[in-house]
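Each chain is listed here by its residues.
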Amino acid sequence: MRRRGRRDDGGQEVTKTKKVEEAVSNGHTVVALATSNASCFVYKLLDDPTAPPEELVQLRAGAYEDCWGLDINSDGTKLTAMTARSCHDFLTNGERYSAKGKRQIEGDAPKYTCAFTGTGDYLVVGTSKGAALCKPDGSGQVLHTFPIRHVRDVQVSPDDALVAVAGDRVCRVWDLESREVYATLTGHTRKVQAVAFSPDGSHIATASRDNMVHVWHLGTRERVAVLNGHTERVNTVAFSPSGDIIASGSHDGTVRIWRGPDFGDCAQTLSPNRSAVWAVAFHPNNNVLMAGGGRRVQIYAPNDSGDFAPVHTMQPTGHAIVNCIRFTRSCVLPPK
């Protein structure tokens, strides 16, 4: 029987999380999952990619709503989860997570996605009405609003300088310091579902309901590659930490692997389950890939030939659909 967390004086369920902070401080990578049963799961990954991840925490974000997106900061002390009506903030005091706020960003607009800056000083929230820059302290304070509708994904650049927002048929990139538009990337014929920065911040990949992935050079604002192979809308996209591999996940139930430098033809097709793939993410320190869809996450690692092979399957408690996968990350600040 799973031991439930204690409850605080306000009736909120809290869960011991000292293991999360210890895992991060001891050099382990932590990954968080958002699922359709209003839950978030946090796991510790071991150095051996074939070893099963260890579940550390299960958090409830509401009662019955889907948890569409989430992010966890670099030291594991802050986690924000997105449901249709609210942003749910969880903070730790060194021993446990507790719910520190349920905020209404953009009123009753559905909330789909969020991203911490690498330093954890800011949180960007994406809703159907726009994207908002917030303080991640449970106060709900909105510092700035980025005007773009139908936001499905937000990502912060590795150096914390830019935020990319996928919405409508475009991806807009803003400078976080000046709050000015840095780039507007157009070319998709249907809504953009996901966006990803390359590890060095020089390129962006966008995934769309037009079944395509586009790769853009941020310096020139030009499209440098069109990845064509999926037969249904592309829900998610990610760069490998080496920057020479792109993974895309689609409603057609496949994950496609595209290899640089031109990312032209599909190098490999993976089938993690029989249903739509909603999330793909690479381990920040190696080319281990996680793909979430249906009720499980399939973990892949490169074999001796360099192809991705399945090494483990994660199935969160409750048989819920996995909507989002986020790793802790560190901000890579440019040299002064």
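See above for the structure.
Residues numbered from 1 in each chain as written. Predicted model: local features only at pLDDT ≥ 70, side-chain atom pairs only at ≥ 80, totals over all residues. Heavy atoms only, no water.

## Things to note about the sheet that holds strand β12 (residues 142–146)
Okay, so step 1: Strand order in this open sheet of four strands is β9-β10-β11-β12, and the pairing throughout is antiparallel. Each of the sheet's edge strands pairs with one partner strand only, and the pair in question is β9 (111–116) and β12. Along the sheet, successive strands turn relative to each other by an average axial angle of 20 degrees, direction set aside.
Okay, so step 2: Pairing of β9 with strand β10 (residues 123–127) involves five bridges; the strand directions are antiparallel. Bridge pairing in β10 places C114 opposite V125. (Pairing = 2+ DSSP bridges. Helix = DSSP H or I, 4+ residues; strand = E, 2+ residues; numbered from the N terminus. Axes fitted to C-alpha atoms, helices over the stretch in contact; angles between N-to-C directions.)

## Remarks on the pairing of strand β28 (residues 308–314)
Okay, so step 1: Bridging between strand β27 (residues 296–302) and β28 involves six bridges; their strand directions are antiparallel. Across the sheet, the residue bridging to P302 is F308, located in β28.
Okay, so step 2: Here β27 folds back onto β28, and the loop between the two strands holds five residues, one of which, G306, carries a positive phi near 95 degrees.

## A few points about the sheet that holds strand β20 (residues 222–228)
Okay, so step 1: Read from one edge of the open sheet, four strands run β17-β18-β19-β20, paired in antiparallel fashion. In this open sheet, the two edge strands, each paired with only one partner strand, are β17 (192–197) and β20. When the angles between neighbouring strand axes are averaged without regard to direction, this sheet yields 20 degrees.
Okay, so step 2: The pairing of strand β18 (residues 203–208) with strand β19 (residues 212–217) spans five bridges and is classified as antiparallel. What sits directly across from H203, in β19, is H217.

## With respect to the packing of aromatic side chains
For any pair of aromatic rings, the description rests on two quantities: the centre-to-centre distance and the angle between the ring planes.
Okay, so step 1: Inspection of every chain in the model, using the stated rule, returns five aromatic pairs.
Okay, so step 2: Linked through ring pairs, W68, Y112 and W278 together constitute an aromatic cluster.
Okay, so step 3: The ring of Y112 carries R152 above its face, with NZ or CZ at 4.1 Å from the centroid.
Okay, so step 4: One cation-aromatic arrangement involves R221 over Y182; the distance from NZ or CZ to the ring centre is 4.1 Å. (Phe/Tyr/Trp six-rings, centres within 6.5 Å; stacked < 30°, edge-to-face > 60°. Lys NZ or Arg CZ within 6 Å of the ring centre and 35° of its normal.)

## A closer look at the pattern of salt bridges
Okay, so step 1: In this structure the tally under the stated criterion is three salt bridges.
Okay, so step 2: D71 is the salt-bridge partner of R326, the closest N and O atoms lying 3.6 Å from each other. Remark: D71 occurs in strand β5 (residues 67–72) and R326 occurs in strand β29 (residues 322–327); sequence separation between them is 255 residues. Both residues of the pair, R326 and D71, belong to the buried class.
Okay, so step 3: A salt bridge links R326 to D153; the shortest N-O distance between them is 3.5 Å. With a gap of 173 residues between them, R326 in strand β29 and D153 in strand β13 (residues 151–156) connect regions that are remote in the sequence.
Okay, so step 4: Among the residues examined, R326 registers a relative accessible area of 10% and is labelled buried.
Okay, so step 5: Residue classification places D153 among the buried residues on the basis of a relative accessible area of 8%.
Okay, so step 6: Taken together, the salt bridges that share partners define one network made up of D71, D153 and R326. (Salt bridge = Lys/Arg side-chain N within 4 Å of Asp/Glu carboxyl O. Buried < 20%, exposed > 50% of the residue type's maximum accessible area, 1.4 Å probe, protein only.)

These figures capture arrangement, not role.
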